[in-house]
Amino acid sequence: MKRNRIKSFLYSWRVAPYVFVLPFILSFLIFWVYPFFNAILMSFENILPGQIEWVGLGNYTKLLKDKTFHIAIKNSFLYMVLTCALLIPFPMLYATIMNSAFMRAKTVFKAVLYIPALTSVVVAGTIFSLMFSELDGSAMNQLLHSLGLPSIKWLKNWGTGWFAMVTLCCWRWTGVNMLYFLSGLQGIDNSLYEAADIDGASKWQKFTMITFPLLKPTSIYVLTISIYAGLAMFLESYMMWGGNGSPKNIGLTIVGYLYRRGIEKNQMGYASAVGIVLLVIALIINVVQLTLSGTFKKEGK
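Residues numbered from 1 in each chain as written. Predicted model: local features only at pLDDT ≥ 70, side-chain atom pairs only at ≥ 80, totals over all residues. Heavy atoms only, no water.

Draft legend 1. Geometry of the nonpolar core. Leu63, Phe69, Met80, Ile227, Leu231, Tyr257 and Val274 are the most contacted members of the largest nonpolar core, which totals 21 residues. Contacts of isoleucine 227, omitting those with residues within four sequence positions, involve Met80, Cys84, Ile285, Asn286 and Gln289. In terms of nonpolar packing, the next biggest core, distinct from the first, is built from 20 residues, Ala124, Trp162, Met240 and Trp241 among them. (Core = buried A, V, L, I, M, F, W, Y, C linked by side-chain atoms within 4.5 Å. Buried < 20%, exposed > 50% of the residue type's maximum accessible area, 1.4 Å probe, protein only. Contact = heavy atoms within 4.5 Å.)

Here's what the structure looks like:
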């Protein structure tokens with residue numbers, strides 16, 4: 001009798017929706033909300049093995065004077081800007097070409113461009129580390145030798161090290177962003193292009209007047225996730241330099257500094273403060289770009 005009552009209760013049209021979303025709500029509360037508020041609390045504490053001391057704003061005050069943290073912020077911000085500058089216009093261009101009528105073997109090209117995203121970051125980072133090795137036999141130094149140039153210590157210099165990191169990022173994510181834009185392009189009504197052809201519009205005019213404006217929602221989405229990915233980058237740098245200690249902190253990012261303080265040095269309170277600052281920076285940048293793009297204004301209408 002009780003079993004029937006429970007079954008009828010769970011299958012009722014009022015209760016059933018909440019039963020279906022309960023696993024998501026529980027996982028969200030346990031694995032996101034609780035760690036988030038716990039990290040905020042820990043950021044005001046000095047946590048040592050077997051000892052917790054309340055320090056208030058001490059960790060944040062220390063961050064203001066921490067030169068290594070400032071380097072990590074600069075590196076993360078620069079990486080975000082460079083990747084956004086490359087991973088939005090070029091994938092958009094490739095998607096436009098892929099969506100054109102004269103393009104052949106579209107499935108093959110889409111698969112080739114998407115395969116890098118399926119590659120593990122560990123594997124990709126290791127391969128690129130070997131490619132940009134300072135040894136004479138590395139792929140990039142062999143390329144320089146073919147041009148009559150001497151070998152370079154790629155990962156020990158700031159410019160060449162950053163070239164390697166950005167190249168790895170573009171190799172992995174160009175295909176993914178291209179598919180986002182390709183999906184947006186396929187949602188545009190062909191009758192708009194037909195009307196433009198009747199009016200005698202050139203290909204450039206059709207792109208600037210039809211394609212680009214109607215791709216705005218996709219562009220905003222790609223920009224938003226690229227900002228987050230740029231600021232949260234860590235594993236690529238870690239694998240490229242074979243650890244978290246790149247020469248002169250060339251590849252040190254905010255997440256890398258969080259890992260150094262929290263895991264390597266066991267300073268969880270200070271690491272939590274680093275994480276909260278990263279969250280605030282990411283929120284501010286995304287809120288500003290969403291506001292400037294008119295996203296919030298559009299939702300308010």
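Draft legend 2. The arrangement of the pattern of salt bridges in detail. Overall, the coordinates contain 4 salt bridges when judged by the stated rule. In this structure, arginine 261 engages aspartate 66 in a salt bridge whose closest nitrogen and oxygen atoms are separated by 3.5 Å. Here the residue arginine 261 occupies a position in helix 14 (residues 254–264), and aspartate 66 occupies one in the loop between helix 3 (58–65) and helix 4 (67–87), the gap between them amounting to 195 residues. Under the relative-accessibility criterion, aspartate 66 is labelled buried at 9%. Between lysine 206 and aspartate 197 there is a salt bridge; the shortest N-O distance is 2.8 Å. (Salt bridge = Lys/Arg side-chain N within 4 Å of Asp/Glu carboxyl O. Helix = DSSP H or I, 4+ residues; strand = E, 2+ residues; numbered from the N terminus.)

Draft legend 3. Spotlight on the packing of aromatic side chains. Counted according to the given criterion, the structure contains 21 aromatic pairs. A ring pair is formed by phenylalanine 36 and phenylalanine 37, whose centres lie 5.1 Å apart and whose planes are at 70 degrees; its orientation type is edge-to-face. Owing to a relative accessible area of 23%, phenylalanine 36 belongs among the partly exposed residues under this scheme. Measuring from ring centre to ring centre gives 5.6 Å for phenylalanine 44 and tyrosine 60, while their planes differ by 50 degrees; the resulting arrangement is tilted. With phenylalanine 44 in the loop between helix 2 (16–42) and strand 1 (45–48) and tyrosine 60 in helix 3, the pair connects residues that are 16 residues apart, well separated along the chain. (Phe/Tyr/Trp six-rings, centres within 6.5 Å; stacked < 30°, edge-to-face > 60°.)

Draft legend 4. Summary view of the packing of helix 5 (residues 89–98) against helix 9 (residues 158–186). Packing of helix 5 against helix 9 leaves a shortest axis separation of 8 Å and a crossing angle of 55 degrees. By the angle between their directions, the pair helix 5 and helix 9 is classed as oblique. Where helix 5 crosses over helix 9, the two elements pack in a sense that is right-handed. Here Pro91, Met92, Tyr94, Ala95, Thr96 and Met98 of helix 5 come into contact with helix 9, specifically with Thr174, Asn177, Met178, Phe181, Leu182 and Leu185. Residues belonging to the contact of helix 5 with helix 9 are distributed by class as follows: 9 nonpolar, 3 polar and no charged. (Axes fitted to C-alpha atoms, helices over the stretch in contact; angles between N-to-C directions. Parallel < 35°, antiparallel > 145°, perpendicular 65-115°, else oblique. Left-handed = near helix turned anticlockwise from the far one by under 90°. Nonpolar A, V, L, I, M, F, W, Y, C, P; charged D, E, K, R; others polar.)

Draft legend 5. Local environment of the state of the cysteines. The final tally for this structure, using the stated rule, is 0 disulfides. The thiol of cysteine 169 is not disulfide-bonded; the next cysteine sulfur, from cysteine 170, is found 5.5 Å away. Of the residues examined, cysteine 169 reaches a relative accessible area of 8% and is grouped as buried. For cysteine 170, a relative accessible area of 17% puts it in the buried group. (Disulfide = S-S within 2.5 Å.)

Draft legend 6. The pairing of strand 1, seen in detail. The alternating pattern of strand 1 places Glu45 and Ile47 on a buried face, while none of Asn46 and Leu48, on the opposite face, is buried. Relative to strand 2 (residues 51–54), strand 1 is paired through 4 bridges, and the arrangement is antiparallel. Looking at the pairing, leucine 48 lines up with glutamine 51 of strand 2. As consecutive antiparallel partners, strand 1 and strand 2 are separated by 2 residues, and within that stretch glycine 50 has a phi angle of approximately 75 degrees, a positive value. (Pairing = 2+ DSSP bridges.)

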